[in-house]
Amino acid sequence: MARKIVMYLVFAGMLLSVYDEFANYMENGDDFKRDPKIMYEIYEGLPVPGKTEEVEKNEAIRERSSVSLNVYYHTELSIEEVMQFYNSQLTHDGWQKVKNQGGKGLVYKKEKWKISIQEEKNTYRVHIYKFYTY
């Protein structure tokens, strides 16, 4: 009896997993295959203020969940100057500022993509990301 219950639970789990994959695909299609390339196109198109140098970059790609790229910069500019620069440049490029995100920094959205600019210790971070939801 216990074995049958376990088998039914395993089967139900498999069905839920297949349904989850199907629902995700219906909402997002093949975005997760294209998006790493798009993420790097966004990165390459981002302006960088003067007196600034990239110090580190790392990506996180979780298929059917999210794609993200964190880029850390060192600059001689104040964080206020950095924020003003990105506010001007991103809004000029069609990114919309997201309100009430909490914490320090700025967040912008264009379609399903987001960019956040955050102050870090002795650096600032640009985070380009997209989450898949359905």
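On to the overall build of the protein, then. Within the protein, the secondary structure is distributed over 3 helices and 6 strands. Order of helices (α) and strands (β) in the protein, N terminus to C terminus: α-α-β-β-α-β-β-β-β. The buried share of the protein, reckoned over its 134 residues, is 35%. Sequence separation of 24 or more characterises 53% of the internal contacts of the protein that already satisfy a separation of 6 or more.

For the rest of this paragraph, the subject is the pairing of strand β4 (residues 106-110). Sheet analysis places strand β3 (residues 96-97) next to β4, joined by 2 bridges and oriented antiparallel. By the bridge assignment for β4, Lys97 is matched with Tyr108. Where β4 and strand β5 (residues 113-120) come together, 5 bridges link them in antiparallel fashion. Among the inter-strand pairings, Lys110 is bridged to a residue of β5, identified as Trp113. Hairpin geometry of β4 and β5 is characterised by an intervening segment of 2 residues between the two adjacent antiparallel strands and by a positive phi of about 55 degrees at Glu111.

All right, on to the sheet that holds strand β2 (residues 66-75) then. Strand order in the open sheet made by the 6 strands is β1-β2-β6-β5-β4-β3, with antiparallel pairing throughout. This sheet does not close on itself; its edge strands, each paired only once, are β1 (52-62) and β3. Direction of pairing for β1 relative to β2: antiparallel, over a ladder of 10 bridges. Looking across to β2, one finds that Lys57 is bridged to Val71. Contacts from helix α3 (residues 79-92) reach β2, β3, β4, β5 and β6 (123-131), with the element oriented near 170 degrees to β5.

Right, let's get into the confidence of the model for the protein. Note: predicted coordinates in regions of low pLDDT should not be interpreted at a detailed level. When pLDDT is averaged along the protein, the result is 86; 85% of the residues meet or exceed 70. β2 holds the highest mean pLDDT among the elements of the protein, 96, whereas helix α1 (residues 2-28) holds the lowest, 73.

Cut-offs and rules
Sequence positions are assigned chain by chain, starting from 1 and proceeding in written order. Reporting of local features is limited, given that this is a predicted model, to residues whose pLDDT is at least 70; pairs of side-chain atoms are given and counted only at 80 or more, and all residues count toward the totals for whole chains, interfaces and linings. Side-chain figures throughout are based on the complete set of non-hydrogen atoms in the structure, without hydrogens or water. Elements are defined by DSSP. Helices are runs of H or I of four residues or more, strands are runs of E of two residues or more, and each kind is numbered from the N terminus. Exposure classes here rest on a 1.4 Å probe applied to the protein chains alone. A residue is buried below 20% of its type maximum, exposed above 50%, and partly exposed in between. The contact criterion used throughout is that any non-hydrogen atoms of two residues lie within 4.5 Å. Any two strands are treated as partners once DSSP identifies two or more bridges connecting them. Interaxial angles span 0 to 180 degrees and are taken between N-to-C directions of axes, which are lines fitted to C-alpha atoms, for helices over the stretch in contact. Known as pLDDT, the predictor's per-residue confidence is scaled from 0 to 100.

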